[in-house]
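Chain and residue survey
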Amino acid sequence: MSDTWIDIGGVDEIPQKGSRVVKTTSGDVAVFRTVNDEVFALRDRCPHKGGPLSQGIVHGTSVTCPLHNWVIGLDSGSAQGQDKGCTRRFPVKVEAGRIYLDVALALPRVA
Amino acid sequence: MKQKLVIIGNGMAPGRMLENLLEAAPDAYEVTIFNAEPRVNYDRIMLSPVLSGEKTFEEIVIHGDGWYIKHGITLYKGCKIKTIDRAAKTVTSDTGIVESYDKLVIATGSVPFIIPVPGNDMAGVLTYRDLDDVNAMMIAAKSRGNAVVIGGGLLGLEAAAGLAEQGMKVTVIHIMPTLMERQLDPAAGHLLKKAVEERGITVLNGANTKAILGSSRVEGVELADGTIVPADIIVMAVGIRPNAVLGKESGLEVKRGIVVDDQMRTSDPDVFALGECAEHRGMVYGLVAPLYEMAGILAKTLAAEPAAYAGSVTATKLKVTGINLFSAGDFAEGEDREEIVLRDARQGIYKRLVLKNNRIVGAVLYGETSDGAWFFDMLKRSVDISEMRDTLIFGQSYQGGTPLDPTAAVAALPDDAEICGCNGICKGKITGAIEKLGLKNVDDVRSHTKASASCGSCTGLVEQLLKVKLGDAFNPTAIQPMCGCTELGHDDVRRLIVAKSIKSIPALMQELNWKTSCGCAKCRPALNYYLLATWPGDYVDDSQSRFINERVHANIQKDGTYSVVPRMWGGVTSAKELRAIADAVDKFAIPSVKCTGGQRIDLLGVKKDDLPAVWSDLNAAGMVSGHAYGKALRTVKTCVGTDWCRFGTQDSTGLGIKLEKFMWGAWTPAKVKMAVSGCPRNCAEATCKDVGVICVDSGYEIHFAGAAGLDIKGTEVLGHVKTEEEAIEVIAALVQLYREQGRYLERIYKWAKRVGSTSIKAAVLEDATKRKALYERFVFAQSFSQKDPWEERARGVAAHEFRPMANLTFKQAAE
Ligand code: SRM
Ligand SMILES: Cc1cc2nc3c(=O)[nH]c(=O)nc-3n(C[C@H](O)[C@H](O)[C@H](O)COP(=O)(O)OP(=O)(O)OC[C@H]3O[C@@H](n4cnc5c(N)ncnc54)[C@H](O)[C@@H]3O)c2cc1C
Ligand code: SF4
Ligand code: FES
């Protein structure tokens, strides 16, 4: 299994309370860094109308979608409050300041 | 499968019904509303304060456009339903829209009655029913001429008071011997007449209108006795008729109104009628309280819950500031009736209770009405008053010997005593909500219970209830917290930033005890602005606390691409700029180029990764960011002015460009739009901008506090100055004051309304020292903010924003 973890860059390449995009063959993945340096990865599509979550404001362990202000939990991928919907999560881990994304889900093999 | 619910009419009754329905069964229906009036649902009963100038239309909107969007409701504004086809289950509008329904609600309200006299269709004859009528009256009032109001009832007197307030000379023509005879007995009617006349309004009782005189528009009214009263406008307020045409034409049972059963169902089981157009057990109603009761019943019926309407007893209040009048029930004299009357001529107080079998059946209060709710409550509950008969008329506070203080009196009310008549909200519901939901102020109570949210005359009682429940913790002027992360309001935070010399967001959250680790999407952008505006040059902008548009200096579009709007100073461009724009469009395959509503060009659909390169090319031709994305100075629209126009009085284009070049880059609480017109023809539309200038022969008329977006508001005149230099200084001082006082996202017109235009005029126009100081603070702040953000990013600043962190699409190909 370990061969599906890919090093996508250093934690410090993402601003705190910010996000960067990783391009994959099955669409963009948004990788978030919280104020406490936790790292999360979600499909970069809001469950509401597909807004790019990577462009939202990150607060606590949530991000507010830039299009219509839905608040999505980074750890669950689910919309919070009154809104309903869920976006896919991807496994990420941080080792020695590097971020590894499990690409098994992000890069489905054709074969 | 959702059922289709179509509603005809978007007045107060269906508005309330939908609120209840969305609570009871949010997903049961797909709702479509047709409204003949071209606007959203507003509080019709507050038209009188709008007419008298005490409120603006924006303040009386109940559901703004956003509400319909949020609930997925389709609202056709200005769309009148012409026919209902009950067999096919469709409705058809005058604009040709055909909509099918599973359930139909007719809520078409009433139509004002027009008395059948010659000349009644002449220009200048108005009714009093909707905002258009109010606007027409306000325009007519500008002439300061004569107004005649026909009808001395509730509506007529409110119209008369409003028109007098607007500066017209008003005569009320009333056919009966006393005013408001349907609600008041002659004695109270007489007191009312005196109070009305004290406002300079002439009252003619027992006057019968014979004809309306005039040639192309009204000139006067002729009475049956030959008297002629001159008039520039005539307002007919002689009563209303249920608007039941659609019911009649589609073959439903109609008497005075469309007949409904206790579930608000008409003679067709899939068609309901609601509000003033409905007739229930032989009664039609013309006040909101009963309509709101009906709305609650209908919502339940539609949500398939059992409910039955049993009819309502109504109470009336006159909404003319300074006149207190309350009337409820029935006070005709009769064998079996007794009455208790209290008169105090010197204080202008008159109270009368009509009793039957020791129970109150009618109440008229004039001058002092605070016991209205208490009497009305006992009337509705048919309370036996024999025990307190001797002191009854003195009101609730005298029961029990010593006068109670008002709070104790409210505390003593039973839980089912009605507090808010308009919305039928009783005490228990309010106190329950205060406890359960932790409500802290009147606004909270309004939004959670609706109490005091309509005519507002029970606000005092609601405050008392808050006091009873919260004790000293209730502070009537309590402020709204910025967001869920703090108890502090915007103004407190701004004050504390200065008082404690707070210079960063983390420090602020620490010092001011923020409840969350790093704020939320509401407070962070506000805090970032406050710190930036307070400490120019000192504070380091926190880009992670900015909304994406301000973080990347372009507007995000629905597909995740961006739009780019370069500045076009004062709306003037050149071949060189246009060529550079054209080249960029070709080079980056930009799909759409559009002229904006702000006199410049928008390049839409730019890929995020391309932004820095597009900017670099535009920079090369001398163009900079237009801040179309920012809470900042947007555009300064201009007209051609003296350069070309035969009417131009000053160089409007030149002044516009000077203003834009001087003020661009300044961050503000919300966006700021300006315009300069070369003469009062006002081709640059300066009178609906945050700041506008109208050039005149003698100089420059400076306007402010206009808007033309979600709300439409004409500007107010700030003042007149003689030179361009003065105009620029005053405008910079005005914007600086706004930067220092405005709450985040509060446009200039809202700020001006909150702090009062007089205080603004005093600071930026009348007090030269203050103006100078404000101007200098603005100039100082500008020295840090006039850096083109596009140029910086084209050079490589914040590059991480525009590049993916990793691109795994290549990786896979390589595997
Ligand atoms: C491009 C433009 C429409 C056009 O094609 O003409 C436009 C486009 C948008 N307007 Fe506007 N407005 C544009 C002129 C206007 C005008 C007309 C004017 O400025 O003379 C108004 C009414 C005047 C006023 O503001 O009072 C206007 C009132 C609004 C409002 C309502 C603001 C309000 O406080 O009532 C919003 C919503 C908001 O700001 O929250 C808005 C918001 C928007 C946003 C930013 C919506 C958004 O958040 O994405 C749109 C961005 C599109 C983009 O990416 O470029 N736009 N918008 C115009 C750009 C002008 C410019 O050159 O900068
Ligand atoms: C100036 C004024 C002051 C008032 N003051 C008070 C007060 O102090 N207290 C009080 O209790 N009541 C007061 N009222 C009465 C109160 O406003 C009404 O009882 C209430 O608004 C009626 O609500 P409704 O929904 O039945 O009808 P409305 O609010 O009249 O709404 C009916 C709507 O249906 C639309 N419509 C009609 N025909 C069609 C069609 N064929 N297709 C599409 N749309 C259609 C109309 O344009 C209108 O917008 C006042 C009324 C006025 C005018
Ligand atoms: S450009 Fe303005 S009016 Fe047009 S859709 Fe966008 S926000 Fe609405
Ligand atoms: S797309 Fe995210 S909130 Fe609408």
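Residues numbered from 1 in each chain as written. Chains lettered and ligands numbered in written order. Predicted model: local features only at pLDDT ≥ 70, side-chain atom pairs only at ≥ 80, totals over all residues. Heavy atoms only, no water.

**Some points on the overall build of chain A**
Basically, it comes down to this: Strands here mean DSSP runs of E at least two residues long; helices mean DSSP runs of H or I at least four residues long; both are numbered from the N terminus. Any two residues whose heavy atoms approach within 4.5 Å are treated as being in contact. Exposure was quantified through the Shrake-Rupley algorithm and a 1.4 Å probe, taking into account, for residues, occlusion by the shown protein chains and nothing else.
Helices and strands together make up the secondary structure of chain A, namely 1 helix and 10 strands. In sequence order, the secondary structure elements of chain A are arranged as β-β-β-β-β-β-β-β-β-β-α. The long-range share in chain A, meaning contacts at least 24 apart out of those at least 6 apart in sequence, stands at 38%. Roughly 5100 Å² of accessible area belongs to chain A as shown, and the carbon and sulfur atoms make up 46% of that amount.

**Points about the overall build of chain B**
Tallying secondary structure elements over chain B gives 27 helices and 41 strands in all. Once local pairs closer than 6 in sequence are excluded, the contacts in chain B between residues at least 24 apart make up 62%. A total of about 35300 Å² of accessible surface is found on chain B, and carbon and sulfur atoms cover 52% of it.

**Regarding the interface of chain B and chain A**
Filter applied, for reference: Reported buried area values correspond to the accessible surface (1.4 Å probe) lost by two parts on association, with both partners' losses combined. Note on definitions: salt bridges are taken to be side-chain nitrogens of Lys or Arg within 4 Å of carboxyl oxygens of Asp or Glu. Polar contact is the term for a pair of N or O atoms within 3.5 Å; when the atoms are in protein, one must be able to donate a hydrogen and the other to accept it, and sequence-neighboring residues count only if both atoms are side-chain atoms.
Each partner contributes residues to the interface: chain B has 32 residues there, and chain A has 34 residues. Summing the contributions of chain B and of chain A, the shared interface buries around 2600 Å²; its carbon and sulfur component is 61%. Connecting chain B to chain A are 1 salt bridge. Between B:Asp542 and A:Lys17 there is a salt bridge, with the nearest N and O atoms lying 3.5 Å from each other. Joining chain B to chain A, the criterion identifies 12 residue pairs in polar contact (both at pLDDT 80 or more).

**Remarks on helix H12 (residues 427–437) of chain B**
Three- or four-residue spacings in an α-helix give side chains the same orientation, since the helix completes a turn every 3.6 residues. Residue and element names in this part refer to chain B. Short version of the rule: Accessible area is worked out with a 1.4 Å probe on protein chains only. A residue is then buried under 20% of its type maximum, exposed over 50%, and partly exposed in between. Along the arc lie the directions from the helix axis toward the C-beta atoms.
Along H12, the residues classified as buried are Lys427, Ile430, Thr431, Ala433 and Ile434. The arc enclosing the buried residues of H12, seen along the axis, measures out at 155°, which places them on a common side. More than 90 degrees from the buried face of H12, the exposed residues found are Glu435 and Lys436. One or two steps after H12, the chain reaches Gly438, where phi turns positive at roughly 65°.

**So, helix H7 (residues 186–198) of chain B**
All names here are of chain B. Note the threshold: To estimate how far a helix should extend, the number of its residues minus one is multiplied by 1.5 Å.
Taking 1.5 Å per residue, 13 residues should reach 18 Å; H7 reaches 18 Å between its end C-alpha atoms and fits that length. Those residues of H7 that fall on the buried side of the exposure criterion are Ala188, Gly189, Leu191, Leu192, Ala195 and Val196. Projected down its long axis, H7 shows its buried positions confined to an angular sector of 160°, all on one face. Away from the buried face of H7 by more than 90 degrees, exposed residues Pro186 and Glu198 are located. Among the structural elements, helix H6 (154–165), strand S14 (202–204), strand S24 (325–329), strand S26 (349–356) and strand S27 (359–366) are those in contact with the buried residues of H7. Where H7 ends, the next residue or the one after it, Gly200, has phi of about 80°, a positive value.

**Re the site of ligand 1**
Residue and element names in this part refer to chain B. Our working rule: What makes a residue near a molecule or strand is one non-hydrogen atom of that residue sitting within 4 Å of it. Start and end points for every domain follow an automatic or database-based domain assignment.
Not every one of the 19 residues close to ligand 1 is listed here, only the nearest: Gln557, Thr596, Gly597, Arg600 and Lys671. Side-chain polar atom of Asp602 to an oxygen atom of ligand 1: 2.8 Å apart, as the coordinates give it. At 2.8 Å, a backbone N or O of Leu710 approaches an oxygen atom of ligand 1. Structurally, the shell around ligand 1 is a two-domain feature, drawing no fewer than three residues from each of domain 4 (550–630) and domain 5 (635–785).

**Describing the pairing of strand S10 (residues 98–102) of chain A**
Residues and elements named next belong to chain A. Our working definition: By the convention used here, strands pair only if DSSP detects at least 2 bridges between them.
The pairing of strand S1 (residues 5–10) with S10 spans 5 bridges and is antiparallel. Residue pairing in the sheet places Trp5 in a bridge with Asp102 of S10. The pairing of strand S9 (residues 92–95) with S10 spans 4 bridges and is antiparallel. Looking at the pairing, Glu95 lines up with Arg98 of S10. Linkage of S9 to S10, two consecutive antiparallel strands, is achieved through a turn of 2 residues, within which Ala96 is found at a positive phi near 50°.

**Regarding the state of the cysteines**
For the record, the criterion: The disulfide definition used here is simple: a pair of cysteine sulfur atoms within 2.5 Å.
Inspection of the entire model under this criterion finds 0 disulfides over all chains. Counting only cysteine sulfurs, B:Cys645 is the nearest neighbor of B:Cys679, a cysteine outside any disulfide, at a range of 6.1 Å.

**Things to note about the site of ligand 2**
Residues and elements named next belong to chain B. Test applied: Note on residue classes: Ala, Val, Leu, Ile, Met, Phe, Trp, Tyr, Cys and Pro are nonpolar, Asp, Glu, Lys and Arg are charged, and everything else, Gly too, is polar.
Every one of the 32 residues lining ligand 2 counts as a neighbour, but Arg44, Arg129, Glu276, Val288 and Lys319 are closest to it. Interatomic distance of 3.2 Å between a backbone N/O atom of Met12 and an oxygen atom of ligand 2. Compared with its free state, where it exposes 1000 Å², ligand 2 has 93% of that area covered by protein. For the shell around ligand 2, the elements supplying multiple residues, two or more each, are helix H1 (12–24), strand S2 (29–35), H6 and helix H9 (288–302). Residue contributions to the shell around ligand 2 peak at 3 residues, all from H1. In the shell around ligand 2, the residues fall into 16 nonpolar, 9 polar and 7 charged. Residue assignment places the shell around ligand 2 across two domains, with domain 1 (3–111 + 242–302) and domain 2 (125–238) each supplying three or more.

**Some thoughts on the environment of B:Met180**
Residue and element names in this part refer to chain B. Along the chain, Met180 falls in the loop between strand S13 (169–173) and H7. Owing to a relative accessible area of 1%, Met180 belongs among the buried residues under this scheme. Residues Met180 and Gly153 lie 27 residues apart in sequence; the distance between their C-alpha atoms is 4.5 Å. The contact partners of Met180, leaving out residues within four places of it in the chain, are Gly152, Gly153, Leu154, Leu157, His174, Leu192, Leu318 and Leu325.

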